[in-house]
Amino acid sequence: MRSFRKPAAAGLGCLFALATAACSGQGDAAPPASEAPTPATSPTATAAAGTSYAPYLSATEAAGTDSAGSPTTYNLAFVIADGDDCTPRWNGTHAMGDAKVASRIAKLKEGGGRVRVSFGGASGKELAVNCGSAARLAAAYGQALDAAGATLADFDIEGDELSDSASIALRSEAIARLQEERADLEVSFTLPVMPSGLDEDGLALLASANDTGVQVSTVNLMTMNYGSAYDGDMGGYARTAAKAAHTQLKKVFGTSDTTAWQGMALTSMIGVNDVANETFTLADATEVRAFAEEKGIAWVSMWSTARDRQCADGSKPTEAATDCSGVTQGPGAFGKAFAG
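Here the structure is a predicted model, which means the values were calculated and not measured.

Cut-offs and rules
Residues numbered from 1 in each chain as written. Predicted model: local features only at pLDDT ≥ 70, side-chain atom pairs only at ≥ 80, totals over all residues. Heavy atoms only, no water. Helix = DSSP H or I, 4+ residues; strand = E, 2+ residues; numbered from the N terminus. Buried < 20%, exposed > 50% of the residue type's maximum accessible area, 1.4 Å probe, protein only. Areas by Shrake-Rupley, 256 points an atom, 1.4 Å probe, with all protein chains shown as cover. Core = buried A, V, L, I, M, F, W, Y, C linked by side-chain atoms within 4.5 Å. Contact = heavy atoms within 4.5 Å. Pairing = 2+ DSSP bridges. Right-handed = clockwise from strand over helix to strand, strands pointing away. Axes fitted to C-alpha atoms, helices over the stretch in contact; angles between N-to-C directions. Parallel < 35°, antiparallel > 145°, perpendicular 65-115°, else oblique. Left-handed = near helix turned anticlockwise from the far one by under 90°. Nonpolar A, V, L, I, M, F, W, Y, C, P; charged D, E, K, R; others polar. Expected span 1.5 Å × (residues − 1). Polar contact = N/O pair within 3.5 Å; in protein donor to acceptor, adjacent residues only side chain to side chain.

K.L.:
Would you mind going over the overall build of the chain with me for this structure?
P.N.:
Within the chain one finds 9 helices and 13 strands. The buried share among the 340 residues of the chain stands at 55%. When the accessible surface of the chain is split by element, carbon and sulfur atoms take 49% of a total near 13,300 Å².

Here it is in structure tokens:
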């Protein structure tokens, strides 16, 4: 997904470790599902509360539509590297201890919602590209989580970094190390998807996490920006992509239909997308929400709360805007539709 920076114009992770045998590198097999514990970090526990709504929003700038739909969790976008060093910064510009960001996070939590720190995105450098060791990388991730007071970490990996085997391996090692230090750390990977499912790079990233012993609670599919050949029903494409990915997750990991759905999340880009002819409508949002509830999907999300309003004077841009959707809507209408 896009960043909030000023634009310059074989295994599945330990996704279902509590419901099946332990993942590679995790030692002895887990207890049977009937005996397994179900802490808040397990896919089963997440799904038991129903499909939640967890939008992406700027960590540094508030929008009047942030709380539309009363999100249960806010995905703070994005923590990335500052230049070529291993220093985590909000949006690549604000220090972890920035008072403005701290105040913003506190206000988001006032209504009882949680925050998930999202690392990566489409712009800037994800920390794994710069940090020279797993220890340094884990420390950088931990610094961001501590600054937000969060036990939820999202890794939005896309573009060239999705095929960078060195940073993928380092990231997996760092996350595994961090989970050893923080037993309550819940990890999701946000990955691009096509109507045909996850590509080889996405599956390879998850295999790396699995081989390193990372426990992944959720695979979040970016159901957006498929390409010029896909100019039809965006809600339908999202459902098709989810079904294809579900088959992949179930087959690769060898788990049940139900557990595979419970370990999935869906994120749509509302309104006019970055790819010409792709427009995600309010009807699509309603369709995706209903599908997620039917399948028991963990959470649904969107990019982003700042875009959840009509453009000035009702204009309909041909390119995606950063501060409006490009479709006719009331303020916060997508948030309400995704919340159900």
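K.L.:
What exactly am I supposed to notice about the nonpolar core here?
P.N.:
Side chains of a nonpolar character, in soluble globular proteins, are inclined to be buried together. W90, F119, Y141, F189 and F338 are the most contacted members of the largest nonpolar core, which has 75 residues in total. Broken down by element, the residue count for this core peaks at 8 residues, all from helix α3 (residues 134–148). Once you skip the residues sitting within four places of it in the chain, F338 turns out to touch Y53, S268, I270, F280, A285, V288, R289, V300, S301 and M302. Counting residues in each nonpolar core, the second largest holds 10 residues, with M222, M224, M269 and W303 among its members.

K.L.:
Quick question: what am I supposed to make of the pairing of strand β7 (residues 152–156) here?
P.N.:
Each regular strand displays side chains that alternate between the two surfaces of the sheet. Of all 5 residues in β7, 5 are buried; the element is thus mostly enclosed. Looking at chain direction, strand β6 (residues 114–120) and β7 are connected through 5 bridges and run parallel. Bridge pairing in β7 links R116 to L152. For β7 and strand β8 (residues 186–192), the ladder comprises 5 bridges, and the chain directions are parallel. When the bridges of β8 are listed, D154 appears paired with S188. Crossover connection from β7 via helix α4 (residues 165–181) to parallel β8: handedness right-handed.

K.L.:
Quick question: what am I supposed to make of the packing of helix α6 (residues 234–253) against helix α8 (residues 282–295) here?
P.N.:
Packed helices, taken two at a time, are described by the angle their axes make and the gap between the axes. Between α6 and α8, whose axes approach to 8 Å, the crossing angle comes to 25°. In terms of orientation, α6 and α8 fall into the roughly parallel class. Along this stretch, α6 crosses α8, giving a crossing that reads as right-handed. Residue-level contacts link M234, G235, G236, A238, R239, A242 and K243 of α6 to D284, E287, V288 and F291 of α8. Broken down by class, the residue content of the contact of α6 with α8 amounts to 5 nonpolar, 2 polar and 4 charged.

K.L.:
What should I look at first to understand the pairing of β8 in this one?
P.N.:
Counting buried positions along β8 yields 6 of 7 residues, so the element is predominantly enclosed. Bridge count between β8 and strand β9 (residues 216–222): 6 bridges; the pairing is parallel. Considered in β9, the bridge of V187 is made with V216. Between the parallel pair β8 and β9, the chain is carried across by helix α5 (residues 200–212), and the sense of this crossover is right-handed.

K.L.:
Before we go on, may I ask you to explain unusual backbone geometry in this structure?
P.N.:
Negative phi values dominate among residues other than glycine, just as trans dominates among peptide bonds. Omega for the bond connecting A77 with F78 falls within 30 degrees of zero, at -20°, which places this linkage in the cis form. With respect to the helices and strands, F78 occurs in strand β3 (residues 73–81). The omega torsion of the bond from W303 to S304 falls at -10°, within 30 degrees of zero and hence cis. In this fold, S304 is placed in the loop between β13 (299–303) and α9 (333–339). The backbone of N91 shows a phi angle near 60°, a positive value even though the residue is not glycine. Tracing the backbone through its elements, the reader meets N91 in the loop between β4 (88–90) and β5 (94–95).

K.L.:
Would you take a moment to explain α6 for this structure?
P.N.:
Helical periodicity: at 3.6 residues per turn, an α-helix aligns residues three or four positions apart in one direction. For α6, spanning 20 residues, the distance from its first C-alpha to its last is 28 Å, which sits close to the expected 28 Å at 1.5 Å a residue. For α6, the N-terminal cap is D233; the gap from its side-chain oxygen to the backbone nitrogen of G235 is 3.1 Å.

K.L.:
In this structure, what is going on with the side chain of R289? I would like to understand it.
P.N.:
Looking at where R289 falls in the secondary structure, it is placed in helix α8. Under the relative-accessibility criterion, R289 is labelled buried at 8%. In contact with R289, other than residues within four places in its own chain, are T51, S52, Y53, V300, A337, F338, A339 and G340.

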